[in-house]
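# Breakdown of the fold
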Amino acid sequence: MAKIIRKNRIYLPIILFILLSLYGYYDVTTSSQGGIADGDRTVVHIMVPLLIAIEGIYLLFKRVRNREITYITTPLYFYGAWLVISSLINGISLSTIFFYLLFIIWWILTAKFFSSYTIRNNTHQKLIIRIFVLLFLVWIIFNIKARIQINLSNDKYGITMFIYYVLLLFPFVMLIKNIALRNILIGIGVVTTIFSLKRGAIISLPAMLIVFFLIRAKVNGKALGSLGGLILIFFLIYFLVAYVDQQTEGLLFSRFDSESLQSGSGRDELRAAALDNISNRDIIRLIIGLGAGSTVKFLETGAHNEWIEALFSFGIIGICIYFWMVVGCCRLVINNYKAQNPVTPYLAMYVVYLLLSTIFSGFIFMHVAFYFWSGIGVFIGMRDTHCRLL
């Protein structure tokens, strides 16, 4: 009987892998980010409520209380509540409020689901890790597909945000015990990131790896191994950057010159316009913001900076709650570091990503954040039953 129960428990992560792979495929093949104009996004819009429903139903019957998960979910509850209040005060439509609130609900359920599932099924943690490693490879393939689509549609080099999915799955690759396999996958991930030409990703990945190796050296006492890993990866990055710049006729380096960094493909103008709007508000609007979706309405896109986005849409109260969430994530890493817990380096990679992504682009209302909250949940669940792939 026990064997049957254990066997049945493996079905859920496999089902999730299939759903997430299908979701990713339809996202890439119907998104303007993938070079597809006016794609039919119906399947993507169905997949999100389906994933939320699976997580919610599981938590209804199998929830495990975990104090550490509250560090990040409690601020999300408040952020969601303030999103509704601010939006209602500003007369935002209920459909728009629901659209943005759905993201907050999704992230709360995702963090709690993966934490609870990992704790309850510690004998299947290797399966969970394998699923996320496979998703790492799936998203590398989807990145290649997106670049090809963009190139065919407008004859431009494919630069998409889909590379961030790969970055958020990197911590699972770092769990692989087989050194040769781990290094091969790291190499593939680094190559994919550099060829993406996405500035934020190219800056974020080395930062994530540096923090990982430094904290792992402190926690595990393997300073020499960590130093060797860092040197190897940075030699790889150095030669690849030079090679990719040559192959793209100087395009990669040109994206990092002072003029490009300052303009950020027009993002500096968007941020300046958003800040100018904020500075000219009365005290009430400054405190409560203009409500969900107001940046898109004003700029016809996001502010490409999460702190400006939070201040613009939800005012001083909103940015304070957002800061509370970021502090909660940092606190999670600090507490585990003090306890010398082996999961600390992996959690730290996510926090580095969070800090950098909030500066370069959006975060909390981006679909890619699913892998942030799921990864945080898994590693919180693993903190007392740490395992590595064979």
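Residues numbered from 1 in each chain as written. Predicted model: local features only at pLDDT ≥ 70, side-chain atom pairs only at ≥ 80, totals over all residues. Heavy atoms only, no water.

## A few points about the overall build of the chain
Helix and strand content of the chain: 18 helices and zero strands. Out of the 390 residues belonging to the chain, those deemed buried represent 52%. Sequence-distant contacts in the chain: of pairs separated by 6 or more residues, those separated by 24 or more amount to 78%. As presented, the chain carries roughly 17,700 Å² of accessible surface, and 66% of it is formed by carbon and sulfur atoms. (Helix = DSSP H or I, 4+ residues; strand = E, 2+ residues; numbered from the N terminus. Buried < 20%, exposed > 50% of the residue type's maximum accessible area, 1.4 Å probe, protein only. Contact = heavy atoms within 4.5 Å. Areas by Shrake-Rupley, 256 points an atom, 1.4 Å probe, with all protein chains shown as cover.)

## What about helix H13 (residues 267-279)?
At 3.6 residues per turn, the α-helix brings residues three or four places apart onto the same side. Under the 1.5 Å per step criterion, the end-to-end length of H13 is 18 Å for 13 residues, consistent within 8% with the ideal 18 Å. Along H13, the residues that are buried comprise Leu270, Ala274 and Ile278. All buried residues of H13 lie within an arc of 70° about the axis, which places them on one face of the element. Turned more than 90 degrees from where H13 packs its buried face, Glu269 and Ser279 sit exposed. The inward-facing, buried residues of H13 abut helix H14 (283-288), helix H15 (294-299) and helix H16 (306-338). (Expected span 1.5 Å × (residues − 1). Arc of directions from axis to C-beta.)

## Focus on the packing of aromatic side chains
In this structure the tally under the stated criterion is 39 aromatic pairs. Note on phenylalanine 103 and phenylalanine 365: the rings are 6.0 Å apart at their centroids and 80° apart in plane angle, and the pair reads as edge-to-face. With phenylalanine 103 in helix H5 (residues 94-120) and phenylalanine 365 in the loop between helix H17 (344-360) and helix H18 (369-382), the pair connects residues that are 262 residues apart, well separated along the chain. Measuring from centroid to centroid gives 6.2 Å for tyrosine 350 and phenylalanine 379, while their planes differ by 50°, and the two rings are tilted. In this pair, tyrosine 350 sits in helix H17 while phenylalanine 379 sits in helix H18, placing the two residues 29 residues apart along the sequence. When its relative accessible area of 0% is taken as the criterion, tyrosine 350 is described as buried. You can call phenylalanine 379 buried: its relative accessible area is 0%. (Phe/Tyr/Trp six-rings, centres within 6.5 Å; stacked < 30°, edge-to-face > 60°.)

## Some words on the confidence of the model for the chain
On average, the chain scores 84 in pLDDT, and the residues at 70 or more come to 84%. Element-level mean pLDDT values for the chain span from 46 in helix H1 (residues 2-9) up to 95 in helix H7 (residues 163-173). Low pLDDT, under 50, characterises residues 1-8; the predicted model gives this stretch one contact beyond four residues in sequence or across chains. (pLDDT = per-residue confidence, 0-100.)

## Quick word on the side chain of serine 204
Tracing the backbone through its elements, the reader meets serine 204 in helix H9 (residues 199-220). Look at serine 204 and you get buried, because its relative accessible area is 1%. Residues within four places of serine 204 in sequence aside, it is in contact with Leu167, Leu356 and Phe360.

## Here we look at the packing of H7 against helix H8 (residues 179-196)
Direction vectors running N to C along H7 and H8 enclose 160°, while the axes themselves pass 10 Å from each other. In terms of orientation, H7 lies roughly antiparallel with respect to H8. Relative to H8, H7 is oriented so that their crossing is left-handed. In contact with Ile163, Leu167, Phe170 and Val173 of H7, H8 contributes Arg182, Leu185, Ile186, Gly189, Val190, Thr192, Thr193 and Ser196. Class assignment of the residues belonging to the contact of H7 with H8 gives a composition of seven nonpolar, four polar and one charged. (Axes fitted to C-alpha atoms, helices over the stretch in contact; angles between N-to-C directions. Parallel < 35°, antiparallel > 145°, perpendicular 65-115°, else oblique. Left-handed = near helix turned anticlockwise from the far one by under 90°. Nonpolar A, V, L, I, M, F, W, Y, C, P; charged D, E, K, R; others polar.)

## Observations concerning the state of the cysteines
Counted under the stated rule, the structure contains zero disulfides. Of all cysteine sulfurs, the one in cysteine 330 lies closest to cysteine 329, which takes part in no disulfide; the gap is 6.9 Å. A relative accessible area of 1% places cysteine 329 in the buried class. The exposure class assigned to cysteine 330 is partly exposed, which follows from its relative accessible area of 24%. (Disulfide = S-S within 2.5 Å.)

## Examining the environment of asparagine 341
Residue placement: asparagine 341 occurs in the loop between H16 and H17. When the C-alpha atoms of asparagine 341 and valine 219 are compared, they prove to be 6.9 Å apart, with 122 residues separating the residues in sequence. Other than its neighbours up to four places away in sequence, asparagine 341 contacts Val219, Asn336 and Arg383.

## Points about the nonpolar core
If you look at soluble globular proteins, the nonpolar side chains tend to sit buried side by side. Within the largest apolar cluster, 110 residues are counted, with the highest numbers of intra-cluster contacts made by Phe363, Ile364, Tyr371, Phe372 and Trp373. Ignoring any residue separated from it by four or fewer positions in sequence, one finds tyrosine 371 in contact with Leu20, Phe132, Leu135, Trp139, Tyr165, Leu168, Leu169 and Tyr350. Ala274, Leu299, Ala303 and Leu311 belong to the second-largest nonpolar core, a separate cluster that totals eight residues. (Core = buried A, V, L, I, M, F, W, Y, C linked by side-chain atoms within 4.5 Å.)

## Thoughts on the packing of H9 against H17
Helix-helix packing is described using two parameters, namely the angle between the two axes and the distance between the axes. It is the contact of H9 with H17, at a shortest axis distance of 8 Å, that shows an interaxial angle of 150°. Taken together, the axis directions place H9 and H17 in an arrangement best described as roughly antiparallel. Here H9 and H17 pass one another in a crossing that is right-handed. Across the interface between the two elements, Gly200, Ile203, Ser204, Ala207, Met208, Leu209, Val211, Phe212, Ile215, Arg216 and Val219 of H9 pack against Thr344, Pro345, Tyr346, Ala348, Met349, Val352, Tyr353, Leu356 and Phe360 of H17. Among the residues making up the contact of H9 with H17, the classes are represented as 16 nonpolar, three polar and one charged.

## Details of the environment of tyrosine 353
Structurally, tyrosine 353 is set in helix H17. Taking the relative accessible area as the measure of exposure, tyrosine 353 reaches 3% and is therefore buried. Between the alpha carbons of tyrosine 353 and methionine 208 there is a distance of 6.7 Å; along the sequence they are 145 residues apart. In this view, tyrosine 353 contacts Tyr164, Leu167, Leu168, Met208, Phe363, Val368 and Phe372; residues no more than four positions away in its chain are not counted.

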